[in-house]
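Here's the letter readout for the chains.
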Amino acid sequence: VLKQKANGASESLSTGQTSIKKKQPLKAGKSQEVTAINGNGNVVKSKSSNKTDSGSAKDSLPLVKPKSKGDATDRNLNGTKSNGKGCKEKKKNGDILKEKSDIKHKRRKAEEHAEQQPTEAEIWFDDVDPKDIEAAIGPEAAKIARRNLGLETGQSKQSVEQVLVKETASEGLTRAVAMDCEMVGVGPKGEDSIVARVSIVNQFGKCVYDKYVKPTEEVTDYRTAISGIRPENINTGEDFKTVQKEVADILNGRILVGHALRNDLKVLFLDHPKKKIRDTQRYKPFKQRVKNSRPSLKLLCEKLLNVQVQTSEHCSIQDAQAAMRLYTLEKKNWEAAIKNKHNNKNFK
């Protein structure tokens, strides 16, 4: 009877112990005291180890071995495992890739910027101030415009031809034309003038008409030092009446640009509507800029276009080109002022 009681007590204790193990798994490395009854019926204490039989092992929860810092693994962006060092290397690679991407982006932006930049051949601003160009388009366009106008500072001066003429422009007639005449002296002292050469250029500075004129009177002063005219030039020139008619046909209905145009029209015995005359000598803003009430063409070109003209013998083609370039420089404001003046007259 005592043996049966002892066995029953042992079975109940082991069952309770098993249930405790289920609820509170033992920590590794620690032992726990368990009471038991030996064969003689005496209660004894014994240390139980962490090891259990196969049956209790199945019932108890498995112990999770903590991960050490050295053994910890991470997953990178590609889903592959790598240690801490590998992560650092991957991060470095990511930075390199980012830098390469930034370089490509900057290069693409630079190429787009280069494509958007205007070229000198595309820019010909006849009636726009370089400051307005810079505000609207950018400094590169303004730089080209100033260079075309001969206003670029800090650089060697361009040739007169480059400033006054647009190379790739149309050579035909335009709405506005510029005219200049060279004259020779007649009379006892050569004080009176007759026309010896007539030159007309279009809005882009291209010459559309240039003829020497046969004198209608005896020439007493060729004024070669200024006019550049010599006897052989005009002795074989065109008849005056023919030149007069051809010039009149060209000027008909067009804006006439020039410098001191009254003298040119006088020697041709021609007239032109006042509202269609643009005289660079009489334009008030030009007078104010150079501080001269009757500025010469040479002075205007030097101050406003930064080019030298009439340095020796005059050339009627170059003088007409210079007058036209001055007009196109101020065309927008000039035409607006004339339009406002006309509107105010009509309003009154």
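Before going into details, it helps to say that this report is about the structure given with it. Residue positions are given per chain, counting from 1 as you read along its sequence in written order. Thresholds applied to this predicted model are a pLDDT of at least 70 for local features of residues and 80 or more for the giving and counting of side-chain atom pairs; totals over whole chains, interfaces and linings are not thresholded and use all residues. Side-chain calculation: all heavy atoms of the structure are included, whereas hydrogens and water are not.

## Topic: the overall build of the chain
Stage number 1. Counting from the N terminus, the helices are the DSSP runs of H or I reaching at least four residues and the strands are the DSSP runs of E reaching at least two. Across its full length, the chain holds 14 helices and ten strands.
Stage number 2. Burial classes: relative accessible area under 20% of the type maximum marks a residue as buried, over 50% as exposed, and values in between as partly exposed (1.4 Å probe, protein chains only). Sorting the 348 residues of the chain into buried and exposed places 32% on the buried side.
Stage number 3. In short, Shrake-Rupley with a 1.4 Å probe defines the accessible areas, and a residue's cover is counted only from the protein chains shown. Within the structure as shown, the chain displays about 23200 Å² of accessible surface, and the carbon and sulfur contribution to it stands at 50%.

## Looking at the pairing of strand β9 (residues 255-258)
Stage number 1. Because side chains alternate across β9, one face comprises the buried residues Ile-255 and Val-257, and the other comprises Leu-256 and Gly-258, equally buried.
Stage number 2. DSSP bridges decide pairing: two strands pair if at least two such bridges lie between them. Bridge count between strand β5 (residues 176-186) and β9: three bridges; the pairing is parallel. The residue bridging Ala-178 from the neighbouring strand is Val-257, located in β9.
Stage number 3. Pairing of β9 with strand β10 (residues 277-279) involves three bridges; the strand directions are parallel. If you follow Val-257 over to β10, its bridge partner there is Arg-278.
Stage number 4. If you view a crossover with the strands going away from you and the path from the first strand over the helix to the second runs clockwise, you call it right-handed. Viewed along the sheet, the connection from β9 through helix α10 (residues 261-268) into β10 turns out right-handed.

## Topic: a positive patch on the surface
Stage number 1. Residues forming no salt bridge and having over 30% relative accessible area are the ones grouped into patches, like charges within 9 Å of each other and nonpolar side chains (Val, Leu, Ile, Met, Phe, Trp, Tyr) within 5 Å. Put simply, a salt bridge is a Lys or Arg side-chain nitrogen that is within 4 Å of an Asp or Glu carboxyl oxygen. Within this scheme the basic residues Lys and Arg register as positive and the acidic residues Asp and Glu register as negative, but His and the chain ends are omitted. Every charge is mapped onto a representative atom, which is NZ of Lys, CZ of Arg, CG of Asp or CD of Glu. Together, Arg-262, Lys-266, Lys-274, Arg-282, Lys-284, Arg-294 and Lys-341 give the surface a local cluster of positive charge.
Stage number 2. Topologically, Arg-282 is positioned in the loop between β10 and α11 (284-290).
Stage number 3. On the basis of relative accessibility, which here comes to 60%, the residue Arg-282 falls in the exposed class.

## Considering the packing of helix α12 (residues 297-305) against helix α13 (residues 316-329)
Stage number 1. Lines fitted to C-alpha atoms define the axes, with helix axes restricted to the stretch in contact, and inter-axis angles between N-to-C directions lie between 0 and 180 degrees. Interhelical geometry of α12 versus α13 gives an angle of 45° and a closest axis separation of 11 Å. The pairing of α12 with α13 is recorded here as oblique in orientation. For α12 against α13, the interelement crossing comes out left-handed. Every residue of α13 that contacts α12 at Leu-297, Leu-300, Cys-301, Leu-304 and Leu-305 is listed here: Asp-319, Ala-322, Ala-323, Arg-325, Leu-326 and Leu-329.
Stage number 2. The residue classification treats Ala, Val, Leu, Ile, Met, Phe, Trp, Tyr, Cys and Pro as nonpolar and Asp, Glu, Lys and Arg as charged. All others, Gly included, are polar. When its residues are assigned to classes, the contact of α12 with α13 shows nine nonpolar, no polar and two charged. Any angle that is under 35 degrees is reported as roughly parallel, and any over 145 degrees as roughly antiparallel; angles of 65 to 115 degrees are reported as roughly perpendicular and all others as oblique. Handedness of a helix crossing follows the sense of rotation of the near helix relative to the far helix, less than a right angle counterclockwise being left-handed and clockwise being right-handed. Residues count as neighbours in contact if any of their non-hydrogen atoms are within 4.5 Å of one another.

## Some points on α12
Stage number 1. Every buried residue of α12 is accounted for by Leu-297, Leu-300, Cys-301, Leu-304 and Leu-305. Looking down the long axis of α12, one finds its buried residues gathered within 95° of arc, a one-sided arrangement.
Stage number 2. Immediately beyond the C-terminal end of α12, within one or two residues, lies Asn-306, with a positive phi of roughly 60°. The reported arc concerns the directions from the helix axis to the C-beta atoms and nothing else.

## Concerning the pattern of salt bridges
Stage number 1. This model, assessed by the stated rule, comprises seven salt bridges.
Stage number 2. Of the charged contacts, one joins Asp-210 and Arg-197 as a salt bridge, the two residues approaching to 2.9 Å between their closest N and O atoms. Of this pair, Asp-210 sits in strand β7 (residues 207-212) while Arg-197 sits in strand β6 (residues 192-201), and the two are 13 residues apart along the sequence.
Stage number 3. What makes Asp-210 partly exposed here is its relative accessible area of 31%.
Stage number 4. Looking at Arg-197, the relative accessible area reads 12%, which means it is buried.
Stage number 5. The salt bridge involving Lys-211 is made with Glu-246; its shortest N-O contact spans 3.1 Å. Residue Lys-211 is located in strand β7, and its partner Glu-246 is located in helix α9 (residues 240-251); the two are separated by 35 residues in the primary sequence.

## Let's talk about the pairing of β7
Stage number 1. Examined bridge by bridge, β6 and β7 share five bridges and lie antiparallel to one another. Pairing of Val-198 across the sheet is with Lys-211, part of β7.
Stage number 2. Here β6 folds back onto β7, and the loop between the two strands holds five residues, one of which, Gly-205, carries a positive phi near 90°.

## So, the nonpolar core
Stage number 1. Cys-301 and Leu-326 are the most contacted members of the largest nonpolar core, which has 28 residues in total.
Stage number 2. Of all elements in the fold, only α6 (160-164), β5, β9, α11, α12 and α13 reach the threshold of two or more residues within this core.
Stage number 3. Ranked by residue count, the leading element in this core is α13, at eight residues.
Stage number 4. Ignoring any residue separated from it by four or fewer positions in sequence, one finds Leu-326 in contact with Thr-280, Phe-286, Leu-297, Leu-300, Cys-301, Leu-304 and Leu-305.
Stage number 5. Residues Ile-200, Val-213, Leu-261 and Leu-265 belong to the second largest nonpolar core, which totals 19 residues. Here, nonpolar core means buried Ala, Val, Leu, Ile, Met, Phe, Trp, Tyr and Cys residues that are tied together by side-chain atoms lying within 4.5 Å of each other.

## Regarding the packing of aromatic side chains
Two measures describe an aromatic ring pair: the distance that separates the ring centres and the angle between the ring planes.
Stage number 1. Put simply, two rings from Phe, Tyr or Trp (the six-membered ring, in Trp's case) pair if the centres are within 6.5 Å, and we call them stacked under 30 degrees between planes, edge-to-face over 60, tilted for the rest. Overall, the coordinates contain five aromatic pairs when judged by the stated rule.
Stage number 2. The interplanar angle of 90° and the centroid separation of 5.9 Å between the aromatic rings of Phe-286 and Trp-334 together place this pair among those described as edge-to-face. A residue pair is termed long-range when its members are at least 10 positions apart, and Phe-286 in helix α11 and Trp-334 in helix α14 (residues 331-347) qualify at 48 residues. Assigned by exposure class, Phe-286 and Trp-334 land together as buried.
Stage number 3. Plain terms: the ring middles of Tyr-327 and Trp-334 are 5.6 Å apart, the flat faces sit at 65° to each other, and that makes the pair edge-to-face. Accessibility classification places Tyr-327 together with Trp-334 in one group, the buried group.

## Some words on α13
Stage number 1. By this rule, a helix spans an expected 1.5 Å times one less than how many residues it contains. If you check α13, its first and last C-alpha atoms are 20 Å apart, about what 14 residues at 1.5 Å a residue would give, namely 20 Å.
Stage number 2. Burial analysis of α13 places 13 of its 14 residues in the buried class, the great majority of the element.

That's the geometry; what it means functionally is another story.
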